[in-house]
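# Working through the structure, step by step
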Amino acid sequence: MTAYVFLAEGFEEVEAPHTIEARFAPDQYELIVESRRGEATPPAGAHLYEHGTEVEARGAAAPVASGQNERMRYVVTGWSGAGSAPARGTGTVARFTMTQDSEIHWEWAVEFYFEGAASEGGTVEQKSGWYRTGSEVVLAAQAAPVSRFVGWSGDLPADQKQANPLRLKMDKPRKVTA
C-alpha cells in the first residue's frame, strides 16, 4: 500500500484514515462527417468516439436519384479525410481507429443514363447503361445485309448525325437510335 501526504492550508490535521477517489475517463475525439447527398453511416454531422474506437464509415452504397431527372443519378466515388481518417480513398467504406479529432468527406460523381437502339434493318453495338459525367460512349451501327446505315437520331449534336462509329461525350442523359 502506498501512502500519500496532502498538504494544504486551512485543513485540520487528519486523524483518521480517509479514502480519496480519483476518477478518469477515456479521451474522446470528434468525427465530422460530410455527405452532400444520400445516407452515410455515421450520418452527416459531429460524433464523439473514445480513444481507440474502430470506426467503419460508409457512404451511400446505392446510387442516389436526382430530383431533376430520372436519367441522372449520383454515386459515391470515395472520400477525403483528415486526422485519424485516411487522407483519400475510393469506394464506399473507410475504416480507421480514432486517435485524434477527424473528418471524413464523402465524394460524389454524376452519372447519366445512355440508351442506344437500332431501327429495323440493323443493330447497334453498345449497351445501354449508366455513364459518369465526361466519359465517352462509342456506338457502331451495323446494317443488315439488305439495308444501309443512313444516320442517327436522338440526343446528339447535329454535326454527328452521320458519324459511324459515333462518339458521344456523356454530359447529359442521351437516347440515340440508328
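See the structure shown above.
Residues numbered from 1 in each chain as written. Predicted model: local features only at pLDDT ≥ 70, side-chain atom pairs only at ≥ 80, totals over all residues. Heavy atoms only, no water.

### So, the environment of Q68
Heads up, the condition is: Each helix is a run of DSSP H or I of at least 4 residues and each strand a run of E of at least 2, with the numbering of both proceeding from the N terminus. Under the scheme applied here, a residue whose accessible area is under 20% of the maximum for its type counts as buried, over 50% as exposed, and between as partly exposed, the area being computed with a 1.4 Å probe on protein chains only.
Counting through the fold element by element, Q68 comes out in the loop between β4 (64-65) and β5 (72-82). A relative accessible area of 66% means that Q68 is categorised as exposed.

### So, the pattern of salt bridges
Test applied: A pair is scored as a salt bridge if a Lys or Arg side-chain nitrogen falls within 4 Å of a carboxyl oxygen belonging to Asp or Glu.
Per the counting criterion, the structure on display carries nine salt bridges. In this structure, E21 engages R23 in a salt bridge whose closest nitrogen and oxygen atoms are separated by 3.1 Å. The burial state of E21 is the same as that of R23; both residues are exposed. Of the charged contacts in the structure, one is a salt bridge between E107 and R88, with a shortest N-O distance of 3.0 Å. One end of the pair, E107, is in strand β8 (residues 102-117); the other, R88, is in strand β6 (residues 88-90), with 19 residues separating them in the sequence. We classify E107 as partly exposed; its relative accessible area is 23%. The exposed category is assigned to R88, whose relative accessible area is 56%.

### Re the packing of aromatic side chains
In plain terms, the rule: Aromatic rings from Phe, Tyr and Trp, with only the six-membered ring used for Trp, were paired whenever their centres fell within 6.5 Å, and each pair was classed as stacked if the ring planes differed by under 30 degrees, edge-to-face if by over 60, and tilted otherwise. As a reminder, the over-ring test applies to NZ of lysine and CZ of arginine, requiring each to be within 6 Å of the ring centre and within 35 degrees of the ring normal.
A complete count under the given rule lists four aromatic pairs for this structure. Between W79 and W106 the ring centres are 5.9 Å apart and the planes differ by 70 degrees, which places this aromatic pair in the edge-to-face class. Here W106 lies in strand β8 and W79 lies in strand β5, a separation of 27 residues in the sequence. Just as W79 is buried, W106 falls in that class too. For the cation-ring pair, R37 lies above Y74, with the distance from its terminal atom to the ring centre recorded as 3.7 Å.

### Quick look at the side chain of S66
Condition: N or O atoms within 3.5 Å of each other form a polar contact, as long as, within protein, one can give a hydrogen and the other can take it, and as long as residues adjacent in sequence are counted only when both atoms are side-chain atoms. By definition, residues are in contact when any of their heavy atoms lie within 4.5 Å.
Mapping S66 onto the fold places it in the loop between β4 and β5. Exposure remark for S66: the relative accessible area of 9% places this residue in the buried category. Only 3.5 Å separates the side chain of S66 from the backbone nitrogen of N69, close enough to count as a polar contact. Once residues within four sequence positions are removed from consideration, S66 is found in contact with M72, R73 and Y74.

### Overview of the nonpolar core
Spelled out, the test is: Buried residues of nine kinds, namely Ala, Val, Leu, Ile, Met, Phe, Trp, Tyr and Cys, make up a nonpolar core once their side-chain atoms join them within 4.5 Å.
Counting residues in hydrophobic clusters, the biggest one holds 33 residues, and the most contacted among them are L31, F96, I104, W106, F114, L139 and W152. When residues of this core are traced back to their parent elements, those giving at least two are β1 (28-34), β3 (54-58), β5, β7 (93-97), β8, β11 (136-139) and β14 (166-169). Element by element, the count of residues in this core is highest for β8, at five residues.

Without other data, these values stay purely geometric and don't point to any function.
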